[in-house]
Every structure is written in structure tokens, then in C-alpha cells.
Amino acid sequence: MEKIKVIDRELLDETSARAKMSPRLRMNCNFHARADDPVNRLLNAMEPGTYLRPHCHPDKEEIFLLLRGRVAILIFDDGGRVTEKVLLDPLQGCFGGEIPTGVWHGLLVLAPESVVYEVKRGPYVPLSTENMAPWAPPAEDAGAVSRYMDGLYGQIESWRV
């Protein structure tokens, strides 16, 4: 018999500790057993400074529930302009958001030890080049990423911790 998968402070702390040690400053803890499961469910522990290149999922919605920390969800138009921004902050009563299919989106982490619970339809398929925003720099270009993120953070300066 399968046991209940519990999300508690210990799991959040452990996943956040692994994120801090990761060069990408984020770490997943998957709840789905296989990549081809029909529903992907995971914790994503993230630290400020992690770069989540804006992207879209052409065939699935994505749900983010913030369990701890502060995270901004940004929605972009096809040219890369921010058209919507939502501050996820449990202390202010905003806990999550659902991104519609085919919408350019990204996250900015605003507080240490931020952890979101993500849900999206499976199977897991790595994002292809055409699903990555062409107007956002690739993660490998550290200088361009730094400048790009500075610009995004500037649009939500009052939300930073």
C-alpha cells in the first residue's frame, strides 16, 4: 500500500537546502513517479537570482501554489513586454495562480527559501527551443541574463524583500 506523501516544513527545508547548493539556485522534489505520468506534481524550491527563462506550454496549463516565500508571476506578450504581474505572498493572502495554455510566462523569486507546488498535465517533456521566449536570453549567457533580470526586477521593485 502506498503511503501519503506529506509536504511539511522538514521537506521544504530539505528541498530549499538543496536549491541553495545548486548552481541554478533551484531544486525540484517530484511527487509523480515517472516522467510519463498523466499529471506532473512537484515542489520547486527557488532562491533569489535563479533564472527561469520565460516560456510557454502550447498544450497544457500550469498551476503554481506558493507554500513559502515571495514570488512574482509575470505574463508577457509575443514581443516580451510584461502585460500582467501577480505577487504571490501567503502573508498577503495571494497563494497561487494558473497559467493558461500557450501564454508566455516566467517567475521571479523575491525571497529566500521560496517554494512552489507545481501541477501540470504530463507527460513531462523538456521545453523545446520554440517554447522558450526568443526575446529572453538563454541561461548560458550570464551577462545578458543579469541585465535582463535587472530590468524585470525594476518593474516590480516595490515587491522585493
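Residues numbered from 1 in each chain as written. Predicted model: local features only at pLDDT ≥ 70, side-chain atom pairs only at ≥ 80, totals over all residues. Heavy atoms only, no water.

K.L.:
How should I be thinking about the overall build of the chain in this particular structure?
P.N.:
Within the chain one finds two helices and eight strands. Shown N-terminal to C-terminal, the secondary structure of the chain runs as helices and strands in the order α-β-β-β-β-β-β-β-β-α. Scaling as 2.2 N^0.38, a compact globule of 161 residues should have a C-alpha radius of gyration of about 15 Å, and the chain matches this with 15 Å. Projected onto its principal axes, the C-alpha positions of the chain cover 50 × 35 × 30 Å. The buried share of the chain, taken over its 161 residues, is 43%. The long-range share in the chain, meaning contacts at least 24 apart out of those at least 6 apart in sequence, stands at 75%. Put simply, the chain shows about 8900 Å² of open surface, and 56% of that area lies on carbon and sulfur atoms. (Helix = DSSP H or I, 4+ residues; strand = E, 2+ residues; numbered from the N terminus. Rg over C-alpha atoms; globule rule 2.2 N^0.38 Å. Buried < 20%, exposed > 50% of the residue type's maximum accessible area, 1.4 Å probe, protein only. Contact = heavy atoms within 4.5 Å. Areas by Shrake-Rupley, 256 points an atom, 1.4 Å probe, with all protein chains shown as cover.)

K.L.:
Would you take a moment to explain the pattern of salt bridges for this structure?
P.N.:
Side-chain pairing between opposite charges can occur once the charged atoms of the two side chains come close. Considering all chains together, one arrives at nine salt bridges under this definition. Residues Glu113 and Lys20 are paired through a salt bridge, measuring 2.6 Å at the closest nitrogen-oxygen approach. On the criterion of sequence distance, the pair formed by Glu113 in the loop between strand S7 (104-109) and strand S8 (114-121) and Lys20 in helix H1 (residues 9-21) is long-range, its members being 93 residues apart. Residue class for Glu113 comes out partly exposed when judged on its relative accessible area of 28%. (Salt bridge = Lys/Arg side-chain N within 4 Å of Asp/Glu carboxyl O.)

K.L.:
Before we go on, may I ask you to explain the environment of Gly79 in this structure?
P.N.:
Tracing the backbone through its elements, the reader meets Gly79 in the loop between strand S4 (71-76) and strand S5 (82-88). We classify Gly79 as exposed; its relative accessible area is 58%. Separated by 53 residues in the primary sequence, Gly79 and Met132 have C-alpha atoms spaced 13 Å apart.

K.L.:
Hey, could you run me through the pairing of S8 in this one?
P.N.:
Regular strands place their side chains on alternate faces of the sheet. The element S8 is largely enclosed, with a buried count of six among its eight residues. Two strands pair when backbone bridges link them, and strand S2 (residues 39-46) and S8 are joined in this way by eight bridges, in the antiparallel orientation. Bridge assignment links Leu42 to a residue of S8, and that residue is Glu118. Pairing geometry for strand S3 (residues 62-68) and S8, over six bridges, is antiparallel. Bridging from a neighbouring strand, Phe64 pairs with Glu118 of S8. (Pairing = 2+ DSSP bridges.)

K.L.:
Whenever I open this one, the sheet that holds S7 confuses me. Can you help?
P.N.:
Strands pair in a sheet through their backbones, by hydrogen bonds, and they do so in one of two ways: parallel or antiparallel. Pairing is antiparallel across the open sheet formed by three strands, whose spatial order is S5-S4-S7. This sheet does not close on itself; its edge strands, each paired only once, are S5 and S7. Averaged over all neighbouring strand pairs, the angle between strand axes comes to 20°, with direction disregarded. By the bridge criterion, six bridges tie S4 to S7 in an arrangement that is antiparallel. By the bridge assignment for S7, Val71 is matched with Val109. Docked against the sheet, helix H2 (residues 142-155) engages S4, S5 and S7, running at close to 85° with respect to S7. (Axes fitted to C-alpha atoms, helices over the stretch in contact; angles between N-to-C directions.)

K.L.:
Could you clarify how one ought to interpret unusual backbone geometry in this entry?
P.N.:
Residues other than glycine predominantly adopt negative phi, and peptide bonds predominantly adopt the trans conformation. Put simply, Gly122 and Pro123 share a cis peptide bond, and its omega is 0°. Its identity is not glycine, yet Leu25 carries a phi of approximately 60°, on the positive side. Judged by its relative accessible area of 26%, Leu25 is partly exposed. Look at Glu113: it is not a glycine, yet its phi comes out positive at around 60°.

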